[in-house]
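Each chain, letter by letter, is given below.
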Amino acid sequence: MLERRWLSNNGPFVREFEQRVAEFLAVKHCVAMCNATVALEIAIRALGLHGEVIIPSFTFIATAHALQWQEITPVFCDVDPTTHNLDPARVETMITPRTTGIIGVHVWGRQCAVESLSEIAARHNLKLMFDAAHAFGNSYKSRMIGGFGQAEVFSFHATKFFNTFEGGAVVTNNDDLAAKMSLMKNFGFSGYDNVIYIGTNGKMSEISAAMGLTGLESLDEFIAANRRNYVAYQAGLQHIPGIHLISYDVTERCNYQYVILEVDKTNAGISRDDLVQILHAENILARRYFYPGCHQMEPYRSYFPHAKLLLPMTEKLCQRVMSLPTGTAVQPEEIETICTIIRLAVRGSQEFLPRLAAIREEQHP
Ligand SMILES: Cc1ncc(COP(=O)(O)O)c(C=O)c1O
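Rules and cut-offs
Counting from 1, residues in each chain are numbered in the order their sequence is written. At least 70 in pLDDT is required for a residue's local features to be given in this predicted model, at least 80 for side-chain atom pairs to be given and counted, and no such filter applies to totals for whole chains, interfaces and linings, which use all residues. No hydrogens and no water enter the side-chain calculation; it runs on all heavy atoms of the structure. Summary of the distance rule: residues count as near a molecule or strand when at least one heavy atom falls within 4 Å of that molecule or strand. Each polar contact in these results corresponds to two N or O atoms within 3.5 Å; when the atoms are within protein, one needs to be able to donate a hydrogen and the other to accept it, and residues that are neighboring in sequence are counted only if both atoms are side-chain atoms. Using a 1.4 Å probe, the Shrake-Rupley method yields the accessible areas, and only the shown protein chains count as cover for residues. Helix and strand definitions follow DSSP, with helices as H or I runs of at least four residues and strands as E runs of at least two, each counted in order from the N terminus. All residues other than Ala, Val, Leu, Ile, Met, Phe, Trp, Tyr, Cys, Pro, Asp, Glu, Lys and Arg, Gly among them, are scored as polar; the first ten of these are nonpolar and the last four charged. Whenever a pair of cysteine sulfur atoms sits within 2.5 Å, that pair is classed as a disulfide. When a residue's accessible area, from a 1.4 Å probe over protein chains only, is under 20% of the maximum for its type it is buried; when over 50% it is exposed; and in between it is partly exposed. Strand pairing follows a simple DSSP-based rule, namely that at least 2 bridges must link the two strands. Contact between two residues is taken to exist if any of their heavy atoms lie within 4.5 Å; hydrogens are not considered. Fitted lines through C-alpha atoms serve as axes, helices being fitted only where they are in contact, and the angles separating the N-to-C directions of these axes extend from 0 to 180 degrees. In summary, the pairing rule links any two rings of Phe, Tyr or Trp, Trp by its six-membered ring, whose centres are within 6.5 Å, and it sorts them by plane angle into stacked for under 30 degrees, edge-to-face for over 60 and tilted for everything else. Counting as a charge over the ring demands two things of the Lys NZ or Arg CZ atom: a distance within 6 Å of the ring centre and an angle within 35 degrees of the ring normal. Roughly parallel means an angle under 35 degrees; roughly antiparallel, over 145; roughly perpendicular, 65 to 115; everything else is oblique. Crossing handedness is defined as follows: a turn of the near helix away from the far one that is anticlockwise and smaller than a right angle gives a left-handed crossing, while the clockwise case is right-handed.

### Focus on the site of the ligand
For step 1, the next point in the chain: Near the ligand lie 15 residues; those nearest to it are Ala36, Thr37, Asp131, Ser155 and Lys160.
For step 2, the next point in the chain: Measuring from an oxygen atom of the ligand, one finds a side-chain N or O atom of lysine 160 at 2.6 Å.
For step 3, the next point in the chain: Compared with its free state, where it exposes 390 Å², the ligand has 91% of that area covered by protein.
For step 4, the next point in the chain: For the shell around the ligand, the secondary structure elements donating two or more residues are helix H2 (36-46) and helix H3 (61-68).
For step 5, the next point in the chain: Of the residues that constitute the shell around the ligand, the class distribution is five nonpolar, eight polar and two charged.

What follows is the structure, encoded as structure tokens:
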């Protein structure tokens, strides 16, 4: 790349990366971008969404912001408490004359109810796209995620198991949409001095594409490490009351990049927040997810102060769900330690609770 002196602007690495990703996902087009947030914005704009778009609140804030940034109203819909994904029955009730589309999020990489959502979208003449930021390398009914809806968006951010430092892509089987998005990510330039469309700068750099091409070579190794870790957590967390590790469909391809727990305080004796506090004290980077939910963050909290009344399952999950460390840097012995700490925390909850309360009081009197 340095010898070629071609560092950005649709260089050879970006083109190769787009081609390899499209082949891997069995889609016609991959349009690589600088990150998934911009990729979402561009896909939303290229699809012509406006007015209101239905999304889950149980997602990373970028899904909502990509709409609001373009003055499109995100309408937060409740999720299915088992799958953590959009509940199609609830989606149907959120449709108004202003609705133009639905964005499903494949949360933790587990596929949305793609058939039901497609059927609803078709019946109401709505566009359907997916935020597949978590789902690179996953399949549904043996089809790679990436080929569903009008377009799907991936994130290759450094926190993802497969990354390009920063990066993202929109994949689609629609030729016109792909052509439009390629223009939009490059300021709308169609030729040397010819701008034919409003665009932005969404380009992926050559160094990111090179990182992506290298990562693609090791994808199986990354997934094997994640799977090994997931299995270690499965073994270590068995039979702990109130601790539920979410499962993946073993008949599908899965990247196992998220190890997600639901903590049921009634049975565990401690809440999700207590457990996260204990793990942090032991230097273990557990995280609350997606806390507190998009509808509880600004500007949405002010725009829709009563949203939570329609989001009972989301509210519940936002209080119960957390993630545990995984990836190639985490070893099964460390996972054993983490599981032992969780087991001790639950077993000793009666002893720990007053001490946790005292620490919190000290920190925030
Ligand atoms: C569900 C979801 N959507 C969108 C994004 C945004 O991705 P990026 O950081 O590449 O902009 C993320 C990032 O973590 C995500 O988890």
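### As for the state of the cysteines
For step 1, the next point in the chain: Under the counting rule described, the total for this entry stands at zero disulfides.
For step 2, the next point in the chain: Cysteine cysteine 30 shares no disulfide, and the gap to the nearest cysteine sulfur, in cysteine 34, comes to 13 Å.
For step 3, the next point in the chain: Sulfur of cysteine 112: no disulfide; nearest cysteine sulfur belongs to cysteine 77 and is 11 Å away.
For step 4, the next point in the chain: Under the relative-accessibility criterion, cysteine 112 is labelled buried at 2%.

### Let's talk about the sheet that holds strand E11 (residues 259-263)
For step 1, the next point in the chain: Read from one edge to the other, the open sheet built from four strands follows the order E10-E11-E13-E12, with strand pairing classed as antiparallel. Strand pairing shows two members of the sheet lacking a second neighbour, strand E10 (243-245) and strand E12 (287-288), which therefore form its edges.
For step 2, the next point in the chain: Relative to strand E13 (residues 321-324), E12 runs antiparallel, the two sharing two bridges. Bridge pairing in E13 links arginine 287 to serine 323.
For step 3, the next point in the chain: Of the strands in this sheet, E10, E11, E12 and E13 touch helix H10 (residues 272-281), which is tilted by about 25° from E13.

### Topic: the environment of leucine 216
For step 1, the next point in the chain: Of note, leucine 216 is situated in helix H7 (residues 206-217).
For step 2, the next point in the chain: A sequence separation of 89 residues divides leucine 216 from proline 305, and the C-alpha atoms of the two residues are 44 Å apart.
For step 3, the next point in the chain: Not counting chain neighbours up to four residues away, the residues in contact with leucine 216 comprise Phe17, Arg20, Val21, Phe136 and Phe162.

### Considering the sheet that holds strand E2 (residues 52-56)
For step 1, the next point in the chain: Spatial ordering of the open sheet is given by E1-E9-E8-E5-E4-E2-E3, a layout of seven strands whose pairing is mixed. This sheet does not close on itself; its edge strands, each paired only once, are strand E1 (29-33) and strand E3 (73-77). Across this sheet, the average inter-strand angle for adjacent strands is 25°, counted without regard to direction.
For step 2, the next point in the chain: The pairing of strand E5 (residues 127-131) with strand E8 (residues 151-155) spans three bridges and is classified as parallel. Its bridge partner being in E8, phenylalanine 130 is matched across the sheet by glutamate 152.

### Let's talk about the packing of aromatic side chains
For step 1, the next point in the chain: This model, assessed by the stated rule, comprises 22 aromatic pairs.
For step 2, the next point in the chain: Note on phenylalanine 17 and phenylalanine 156: the rings are 5.5 Å apart at their centroids and 85° apart in plane angle, and the pair reads as edge-to-face. Pair noted here: phenylalanine 17 is in helix H1 (residues 12-25) and phenylalanine 156 is in the loop between E8 and strand E9 (168-172), with a separation of 139 residues, a long-range link.
For step 3, the next point in the chain: For phenylalanine 156, a relative accessible area of 0% corresponds to the buried category.
For step 4, the next point in the chain: Lying over the aromatic face of phenylalanine 13, arginine 4 brings its terminal NZ or CZ to 4.7 Å of the ring centre.
For step 5, the next point in the chain: Sitting over the face of the ring of tyrosine 291, arginine 288 holds its NZ or CZ atom 3.7 Å from the ring centroid.

### Quick word on the packing of H2 against helix H6 (residues 175-184)
For step 1, the next point in the chain: Orientation of H2 relative to H6, taken along the N-to-C sense of each, is 125°, at an axis distance of 10 Å. As the angle between them shows, H2 and H6 are arranged oblique. In terms of crossing hand, the pair formed by H2 and H6 is right-handed. For the pair H2 and H6, contact is made by Ile42, Ala43, Arg45 and Ala46 and by Leu177, Lys180, Met181 and Met184, respectively.
For step 2, the next point in the chain: Looking at the contact of H2 with H6 residue by residue, the classes come out as six nonpolar, no polar and two charged.

### Remarks on H3
For step 1, the next point in the chain: Counting buried positions over the eight residues of H3 gives six, a clear majority of the element.
For step 2, the next point in the chain: Among the residues of H3, Ile61, Ala62, Thr63, Ala64, Ala66 and Leu67 are the ones counted as buried.
For step 3, the next point in the chain: The elements touched by buried residues of H3 are H2, E2, E3, strand E4 (99-105), E5 and helix H11 (300-303).

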